[in-house]
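Summary of structural features
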Amino acid sequence: MESPTPSRRPVIAGNWKMHRTVRESVELIRQLKPLVEASRHCDILVAPPFTALWSAARAAEGSPIAIAAQDLHWESQGAFTGEVSPGMVAEAGCRYAILGHSERRSLFGETSRAVSRKAEAALEAGLNPIVCLGEQLSERESGRTEEVVGGQFRQSLAGLTEDALSRTMIAYEPVWAIGTGRAATPEMAQGVHAFIRGLAAEVFSRQAAEQLPILYGGSVKPENVDGLMARADIDGALVGGASLKAESFAAIVNFQT
Ligand code: 13P
């Protein structure tokens, strides 16, 4: 018998990247709070820089805004100069961690093997990983999108149990759409999201795949969020530039359901 499709709760996440000081982060959350306090139709999270995590978490108390780290290291402690452990960001007030963002993969040489270790360590510390996948423009143009995204999925999630996957999200972020103002069309994004869900069914199970939130990222704006969110396999958005202003991020959070 067909099982009913579980309804996946939408997720709107803001990745602040290397923007906003402690003071600015607290101010941005202060501005955002009244704009999203009645927004109960989705989960809302923001990822400030490491330095601002603790203060941002305090500023967000009593609101629906949850805090995410932008990265972490897989070890819990040790001689790893410059790194931050899963337990440290959890203690600072994070519930989520963005892992394997394309900027980390391309600018800092992060491999899917490293992402997989980070995802396991994040889960161990009680955090929900948001694992990013996405192809470069040349890979899309040479018809290799599924090969690249599929390889990243298999390697970045290698070793996760089905239970671990149930606490994990995927963000599909085509590299050519990040920071360019050139978002994927809803059709293009839906196609890759459906491919990822199919792969999750193959690697894990159909039920796990149906419950897996898959967010789209890459030039999401108040003007294009409705079209993206209307597609069956697009469960949320991971927003960069437009998450740095309270008004535009709130407009995305309050997308047309
Ligand atoms: P933009 O929304 O600025 O394109 O960034 C997307 C992104 O990289 C979010 O992680």
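Since we're looking at a predicted model, the values are computed, not measured. Numbers given to residues run from 1 along each chain, matching the order in which its sequence is written. This being a predicted model, a pLDDT of at least 70 is required before a residue's local features are given, and a value of 80 or more before pairs of side-chain atoms are given or counted; all residues contribute to the totals for chains, interfaces and linings. Note that water and hydrogens are dropped before the side-chain values are worked out from all heavy atoms of the structure.

**So, the site of the ligand**
In plain terms, the rule: By convention in these notes, a residue is near a molecule or strand provided one of its non-hydrogen atoms lies within 4 Å of it. A 3.5 Å cut-off defines polar contacts: any pair of N or O atoms within that distance qualifies, except that in protein one atom must be a possible hydrogen donor and the other a possible acceptor, and neighbouring residues in sequence count only when both atoms are side-chain atoms. Using the Shrake-Rupley algorithm and a 1.4 Å probe, accessible areas are obtained, with residue cover drawn only from the displayed protein chains. Throughout this entry, Asp, Glu, Lys and Arg are counted as charged residues, while Ala, Val, Leu, Ile, Met, Phe, Trp, Tyr, Cys and Pro are counted as nonpolar. The remaining residues, Gly among them, count as polar.
Residues in close proximity to the ligand total 13 residues, the closest being Lys-17, His-101, Gly-179, Ser-219 and Gly-241. For the ligand, an oxygen atom lies 2.8 Å from a polar atom in the side chain of His-101. Contact distances for the ligand include 2.8 Å between an oxygen atom and a backbone N or O atom of Gly-240. Considered on its own, the ligand offers 310 Å² of accessible surface; in the complex 96% of this is hidden by protein. Of the residues belonging to the shell around the ligand, the class tally is 4 nonpolar, 7 polar and 2 charged.

**Brief notes about the packing of helix H7 (residues 145-156) against helix H9 (residues 186-203)**
Just so we agree on the cut-off: Note on geometry: axes are C-alpha line fits, over the in-contact stretch for helices, and angles between N-to-C directions span 0 to 180 degrees. Labels follow the DSSP assignment, with helices taken as runs of H or I lasting at least four residues and strands as runs of E lasting at least two, numbered in each case from the N terminus. Any angle that falls under 35 degrees is termed roughly parallel, while one over 145 is termed roughly antiparallel, one within 65 to 115 roughly perpendicular, and all others oblique. What makes a crossing left-handed is the near helix being turned counterclockwise from the far one by less than a right angle; a clockwise turn instead makes it right-handed. Two residues form a contact once any of their heavy atoms are found within 4.5 Å.
Contact geometry of H7 with H9 gives a least axis separation of 10 Å together with a crossing angle of 45°. Judged on the interaxial angle alone, H9 and H7 are oblique. Classified by chirality, the crossing of H9 by H7 is right-handed. In this structure, H7 uses Thr-145, Glu-146, Val-149, Gly-150, Phe-153 and Arg-154 to contact H9, whose residues at the interface are Val-192, Phe-195, Ile-196, Leu-199, Ala-200, Glu-202 and Val-203. Residue composition of the contact of H7 with H9, by class: 8 nonpolar, 2 polar and 3 charged.

**Regarding the side chain of Ser-102**
Structurally, the position occupied by Ser-102 is in helix H4 (residues 102-107). Among residues more than four places away in sequence, those in contact with Ser-102 are Leu-107, Val-175 and Ile-178.

**Concerning unusual backbone geometry**
Selection rule: For each residue, the accessible area found with a 1.4 Å probe, counting protein chains only, is set against the maximum for its type, and the residue is called buried under 20%, exposed over 50%, and partly exposed in between.
For Arg-20, which is not glycine, the phi dihedral falls at a positive 85°. A residue is classified by how much of its surface remains accessible, and Arg-20, at 26% relative accessible area, is partly exposed. Phi is positive for Ser-219, which is not a glycine, with a value near 60°. Residue placement: Ser-219 occurs in the loop between strand S7 (214-217) and helix H11 (225-229).

**Structural notes on the side chain of His-193**
With respect to the helices, strands and loops of the structure, His-193 is situated in helix H9. One polar contact links the side chain of His-193 to the main-chain carbonyl oxygen of Asp-233, over a distance of 3.0 Å. Setting aside its immediate chain neighbours within four residues, His-193 contacts Tyr-172, Ile-214, Leu-215, Tyr-216, Asp-233 and Ile-234.

**Side note on H9**
Cut-off, in case you're wondering: To estimate the expected span of a helix, count its residues, drop one, and scale the result by 1.5 Å.
Compared with an ideal rise of 1.5 Å per residue, which puts 18 residues at 26 Å, H9 spans 25 Å between its outermost C-alpha atoms and is within 8% of the ideal. Among the residues of H9, those classed as buried are Ala-189, Gln-190, Val-192, His-193, Ile-196, Arg-197, Leu-199 and Ala-200.

**Some remarks on the sheet that holds strand S1 (residues 11-15)**
In a beta sheet, neighbouring strands pair by backbone hydrogen bonds and run either parallel or antiparallel. What counts here: Only strands that DSSP links by at least two bridges are regarded as paired with each other.
Pairing in this closed barrel of 8 strands is parallel, and the strands run S1-S2-S3-S4-S5-S6-S7-S8 around the ring. The sheet shows a mean angle of 25° between the axes of neighbouring strands, taken without regard to direction. Where strand S5 (residues 128-133) lies against strand S6 (residues 169-172), 4 bridges are found, and the strand directions are parallel. Bridge pairing links Ile-130 to Met-169 in S6. Along the sheet, helix H12 (residues 246-253) contacts S1, strand S2 (43-47) and strand S8 (236-239); its crossing angle with S1, the most-contacted strand, is approximately 155°.

By themselves these figures say nothing about function.
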